[in-house]
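# Geometric and topological summary
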Amino acid sequence: MPDRAFQPGFRFSAMDAAVLFIGGGACVYTMPIDWWFGIAIAFVVLHFFIFCNVLRMSRSLELVWAGAFAGMVIMAISFGFLTWPLVLAISLVVTLAVAVIELRRPSYHGVGWRRVNPRLPEWWKAAAGREGRN
């Protein structure tokens, strides 16, 4: 971490814009073919934006959400066990759960970090010090 600057809060890059643009295009292209699949693409792209740019979520929690979503999509598409509305509803519950977990971490550095995690600068300095000793 010593080589990374302390830059908490919202972020947005050209890569983020490209993902949003391509994802939006995929959604628009897919919706006339399969409305629910188009909604699912938009849902995933929106989560990418929220997790990466707004909440700045840790990779492990992103992977928990992605695994849960992918598993439910497989159950919906391959086995017809779940419906798309149910997949999206359960995914929203998982979204809320991982967001709450992230907001409670001492490393939270997304939007609103000053209010949610005012001790972040001290945590960052301590974490950078630990990295320098390894």
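Described in the following lines is the structure provided in the data block. Just so it is clear, the model here is predicted, and its values are computed rather than measured.

## Some remarks on the packing of aromatic side chains
- Per the counting criterion, the structure on display carries 11 aromatic pairs.
- Grouped by ring-pair contacts, the aromatic residues Phe6, Trp113, Trp123 and Trp124 constitute a single cluster.

## Structural notes on the nonpolar core
- If you look at the biggest cluster of nonpolar residues, it comprises 21 residues, and the most contacted ones within it are Met57, Trp65, Phe69, Val87 and Val98.
- Residue assignment for this core shows that the elements contributing at least two residues are helix 2 (35-54), helix 3 (59-77) and helix 4 (84-103).
- What Phe69 contacts, discounting residues up to four positions off in sequence, is Ala40, Phe43, Val44, Val87, Leu88 and Ser91.

## So, the environment of Glu102
- Along the chain, the position of Glu102 falls in helix 4.
- Separated by 41 residues in sequence, Glu102 and Leu61 have C-alpha atoms that sit 7.7 Å apart.
- Beyond its immediate sequence surroundings of up to four residues, Glu102 is in contact with Leu55, Arg56, Met57, Ser58, Leu61 and Tyr108.
- Within the structure, Glu102 has its side chain in polar contact with the backbone nitrogen of Ser58 (distance 3.2 Å).

## Describing the pattern of salt bridges
- All chains considered together, the criterion is met by 3 salt bridges.
- Salt-bridge contacts for Glu62 lead to Arg59; the nearest nitrogen and oxygen are separated by 3.0 Å. Note that Glu62 and Arg59 are positioned in helix 3 at a spacing of 3 residues, about one turn of the helix.
- The class of Glu62 is buried, set by a relative accessible area of 14%.

## Description of the layout of surface pockets
- Computed from the structure, the largest pocket encloses a volume of approximately 170 Å³.
- Listed by contribution, the elements that provide at least two residues to the lining of the largest pocket are helix 2 and helix 3.
- Here the residues of the lining of the largest pocket are counted per class, giving 3 nonpolar, 2 polar and 5 charged.

## Quick notes on the packing of helix 3 against helix 4
- The geometry of helix 3 relative to helix 4 is characterised by a closest axis approach of 10 Å and an angle of 170 degrees between their N-to-C directions. By the angle between their axes, helix 3 is roughly antiparallel relative to helix 4. The residues of helix 4 that touch helix 3, namely those facing Leu61, Val64, Trp65, Ala68, Phe69, Met72, Val73, Ala76 and Ile77, are Trp84, Val87, Leu88, Ile90, Ser91, Val94, Thr95, Val98, Ile101 and Glu102.
- Among the residues making up the contact of helix 3 with helix 4, the classes are represented as 16 nonpolar, 2 polar and 1 charged.

## Points about helix 3
- Taking 1.5 Å per residue, 19 residues should reach 27 Å; helix 3 reaches 26 Å between its end C-alpha atoms and fits that length.
- Of the residues making up helix 3, those classed as buried are Leu61, Glu62, Trp65, Phe69, Met72, Val73 and Ala76. Looking straight down helix 3, one finds that the buried residues subtend no more than 105 degrees of arc, so they occupy a single side. Exposed and oriented more than 90 degrees from the buried face of helix 3 are Arg59 and Leu63.
- Buried positions along helix 3 lie against helix 2 and helix 4.

About the cut-offs
Residues numbered from 1 in each chain as written. Predicted model: local features only at pLDDT ≥ 70, side-chain atom pairs only at ≥ 80, totals over all residues. Heavy atoms only, no water. Phe/Tyr/Trp six-rings, centres within 6.5 Å; stacked < 30°, edge-to-face > 60°. Core = buried A, V, L, I, M, F, W, Y, C linked by side-chain atoms within 4.5 Å. Buried < 20%, exposed > 50% of the residue type's maximum accessible area, 1.4 Å probe, protein only. Helix = DSSP H or I, 4+ residues; strand = E, 2+ residues; numbered from the N terminus. Contact = heavy atoms within 4.5 Å. Polar contact = N/O pair within 3.5 Å; in protein donor to acceptor, adjacent residues only side chain to side chain. Salt bridge = Lys/Arg side-chain N within 4 Å of Asp/Glu carboxyl O. 1 Å grid on protein atoms, 1.4 Å probe; cavity = no way out; pocket = protein on both sides within 12 Å on 5 of 7 lines; lining within 4 Å. Points joined across faces, edges and corners; volume = space filled by probe spheres on them. Nonpolar A, V, L, I, M, F, W, Y, C, P; charged D, E, K, R; others polar. Axes fitted to C-alpha atoms, helices over the stretch in contact; angles between N-to-C directions. Parallel < 35°, antiparallel > 145°, perpendicular 65-115°, else oblique. Expected span 1.5 Å × (residues − 1). Arc of directions from axis to C-beta.

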